[in-house]
Amino acid sequence: MGILEVKNVNKNFGGLKALSEVNLSVKENSVHAIIGPNGAGKSTLLNCLIGKLIPDTGSVMFDGQSVLGRKPHEINQMGISRVFQTPEIFGDLTVFENVMIPIFAKRDGSFRMHAFESVAHERDIVEEAEAVLADVNMLEKRDLHAASLSRGDKRRLEMAMCLSQKPKLLLLDEPTAGMARADTNNTIDLLNQIKAKRDITMCIIEHDMHVVFSLADRITVLAQGTPLVEDTPDKIKGHPKVQEAYLGEAA
Amino acid sequence: MLGLNTKDTWLLVIVALMTLFAPFLLNPFPANSSLAQFNAGYPDLMQRFVIFGIFAIGFNILFGLTGYLSFGHAAFLGVGSYAAVWMFKLLGYNVVPAIILSVIVGAVFALLIGFISLRRSGIYFSILTLAFAQMSFALAYSVLTPITNGETGLQVYTSDPQYFQRSGAPDIPHFFGLEMRATETLRMGGWSFDINAGYYLCAAVLLVAFYMAIRLFRSPFGMMLRAVKSNQQRLNYTGLNARPYTLAAFVISGMYAGLAGGLMASMDPLAGAERMQWTASGEVVLMTILGGAGTLIGPVLGAGFIKYFENIFSKINDGVLHGWFGFLPDGIENVLVTVVHPFVGKGWHLTLGLLFMLVVIFLPGGLVEGGQRIGKYVFRRRGRKAGGAEAEAARKQPAE
């Protein structure tokens, strides 16, 4: 039984079958990648996992509870944090505030009217945020505006924000899309460090095979809305069906 | 002090001193001098400075922090005024119950309007709030005449019950016997200063309101509101629900507006529908942006600035202009008066509009940004001089 269980999910857009009979099981403390060529249904699947889309049929269970029909903040409170394709951070706030907000959200829930306390007096949260920033080597940038960071630092900050919540599942949506090779390698290193340092469950949606093979424990290959195979990276590499899906029939 | 850091404590102290000494600071010219018309230290105007300051502080909590631009905040000011006058009519002329009820009524109205308007953001939110405010105005003006007394405006009549009005108590708004209108005029040489009870009550309320705003700005709640403005998508995926945060901010700013309305009625026990009109809503937007949206002191400065213009600049008529330019030859005098005429007197809106444009274009952070730039410039120059002196000292040292 995995922490995330997708069962018989179907999603149609008009006449287009975006997902048909998708089954997926993400095991705890593993890195599970979902790959596939353009139009395979990766984004649709992700949107079903985070409550943005509701499948026509099928179920998505996280930690024993259904995520269907829940709002993004409720799904986060269940223990799923999400990293976006382009880093989504609070650009007008300082790096330190960016990290404090998710810690507050984790401690206080989706809303709390703490309008008369001072942020500076929340010792626990300040200390925790300092530890999180130290973890990603960004402590010296704590007072900078997040919008002024380089793209790599923004990605690092977003990752730190997600990790500060100690999520049960970290969802990554094409974390290296549009990146130069060097940046891609940095991101892979960062993710590998995170994986090595703590027990974490990650689910990566990715187009780039290179990223996936250097990170994942298990890989699901999606093509035309259906999972073709699910296996370890080594087995996937040589699998004829995968080559077919990526390179066409001739290969 | 009071749970504030050093910088904020200083800000509060400065504002406290300024409000305390406002009757003196605003009357810098002797009463009989030709510049006396620039004195703003008379009770009516000082009360307005402070009341609109409170209104703008509240508006800034919504607009400055969350970025939701409400075009209907005058509605809360209006209902606050009506609530206060009703308290005078029913209970008696003590201002305390009137002010308390005006805050409560402001909150209830804001909850209602905010709950519906906050389903949309951006321009749609602004239009919804504007629509609500105009509806309130229209209702107050005609349909709800039994409650609002229509175009005449709500006022206290001798036939009103005033159940708790004691026989000896003043027949105008008072604070436990202290009449709001009570004014002590101090004369020092050519100068005269008005010490007014109503003004000091408003000033005390302003200080409390300002202190609460500082606490809110520095609180986790305030940080979340800024996060709403910065990136709502990230906020949602961080596990926070933006809706209750924005609604709470809306209600708090509605309470500030209701408070301002209640104080307005306490200074002059009248409430008219025109207080809810969209021009009044627009005015508080101007005040906040002119002073500096999202800053603590900005809205207060903006409110003072606009009210000063409205009351002082508008009094400069052709007669005054001829007086100023009288020393020039007739031809030039007439030309100058003709050129300046559209910008003063009834044309003060034109000057204000131009200034507003200049501020928005060159100082997007408002008057506060202007102040900071000047401060930085002065500081840098002084810093350079000090640096030079230190460098000289350093050069001398090895020789010794």
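Definitions and cut-offs
- Residues numbered from 1 in each chain as written.
- Chains lettered and ligands numbered in written order.
- Predicted model: local features only at pLDDT ≥ 70, side-chain atom pairs only at ≥ 80, totals over all residues.
- Heavy atoms only, no water.
- Helix = DSSP H or I, 4+ residues; strand = E, 2+ residues; numbered from the N terminus.
- Rg over C-alpha atoms; globule rule 2.2 N^0.38 Å.
- Buried < 20%, exposed > 50% of the residue type's maximum accessible area, 1.4 Å probe, protein only.
- Contact = heavy atoms within 4.5 Å.
- Areas by Shrake-Rupley, 256 points an atom, 1.4 Å probe, with all protein chains shown as cover.
- Patch = residues over 30% accessible without salt bridge, like charges linked within 9 Å, V, L, I, M, F, W, Y side chains within 5 Å.
- Salt bridge = Lys/Arg side-chain N within 4 Å of Asp/Glu carboxyl O.
- Lys, Arg positive; Asp, Glu negative; His and termini not counted.
- Charge placed at Lys NZ, Arg CZ, Asp CG, Glu CD.
- Phe/Tyr/Trp six-rings, centres within 6.5 Å; stacked < 30°, edge-to-face > 60°.
- Lys NZ or Arg CZ within 6 Å of the ring centre and 35° of its normal.
- Buried area = accessible area lost by both parts, 1.4 Å probe.
- Polar contact = N/O pair within 3.5 Å; in protein donor to acceptor, adjacent residues only side chain to side chain.
- Pairing = 2+ DSSP bridges.
- Axes fitted to C-alpha atoms, helices over the stretch in contact; angles between N-to-C directions.

**Student:** How would you sum up the overall build of chain B? Please name residues and give values.
**Tutor:** The helix and strand inventory of chain B stands at 17 helices and 6 strands. In terms of C-alpha radius of gyration, chain B reaches 24 Å, essentially the compact-globule figure of 21 Å for 400 residues. In terms of its C-alpha atoms, chain B occupies a principal-axis envelope of roughly 90 × 70 × 45 Å. Split into buried and exposed, the 400 residues of chain B put 49% on the buried side. Here the analysis covers contacts within chain B between residues at least 6 apart in sequence; of these, 74% occur between residues at least 24 apart. About 19000 Å² of surface is accessible on chain B, with carbon and sulfur atoms providing 68% of the total.

**Student:** So, a positive patch on the surface: which residues are in play, and what are the values?
**Tutor:** A surface patch of like charges, here positive, comprises A:Lys71, B:Arg119, B:Arg120 and B:Arg243. Along the chain, B:Arg119 turns up in the loop between α5 (95-117) and α6 (122-143). The partly exposed category is assigned to B:Arg119, whose relative accessible area is 44%.

**Student:** So what's going on with the packing of aromatic side chains? Residues and values would help.
**Tutor:** Tallied over the full model, the rule gives 18 aromatic pairs over all chains. Residues B:Phe175 and B:Phe176 carry aromatic rings whose centres are separated by 5.1 Å and whose planes lie at 70 degrees to one another, so their mutual orientation is edge-to-face. Over the aromatic face of B:Tyr237 sits the side chain of A:Arg82, whose NZ or CZ is 5.4 Å from the ring centroid. Taking NZ or CZ as reference, B:Lys89 lies 5.4 Å from the ring centre of B:Trp86, over its face.

**Student:** Got a sec to walk through the interface of chain B and chain A? Specific residues and values, please.
**Tutor:** Counting from both sides, the interface comprises 28 residues of chain B and, opposite them, 38 residues of chain A. Taking both partners together, chain B and chain A bury about 2900 Å²; carbon and sulfur atoms supply 64% of that area. When residues of chain B are sorted by the area they lose upon contact with chain A, B:Met223, B:Arg234 and B:Tyr237 head the list and together hold 26% of the total. There are 2 salt bridges connecting chain B and chain A. Among the ionic pairs, A:Glu97 bridges to B:Arg226, the shortest N-O distance being 2.7 Å. Inspection of the region where chain B meets chain A yields 21 residue pairs in polar contact (both at pLDDT 80 or more).

**Student:** Can you tell me about the sheet that holds strand β1 (residues 4-13) of chain A, naming the residues and giving the values?
**Tutor:** Residue and element names in this part refer to chain A. Spatially, the 4 strands line up as an open sheet ordered β2-β1-β4-β5, and their pairing is antiparallel. Strands with a single pairing partner mark the edges of an open sheet, and in this sheet they are β2 (16-26) and β5 (65-66). Inspection of the sheet shows β1 paired to strand β4 (residues 57-62) by 5 bridges, in the antiparallel sense. Directly across from Leu4, in β4, lies its bridge partner Phe62. Those strands touched by helix α1 (residues 42-49) are β1, β2 and β4, and its axis lies near 60 degrees from that of β2.

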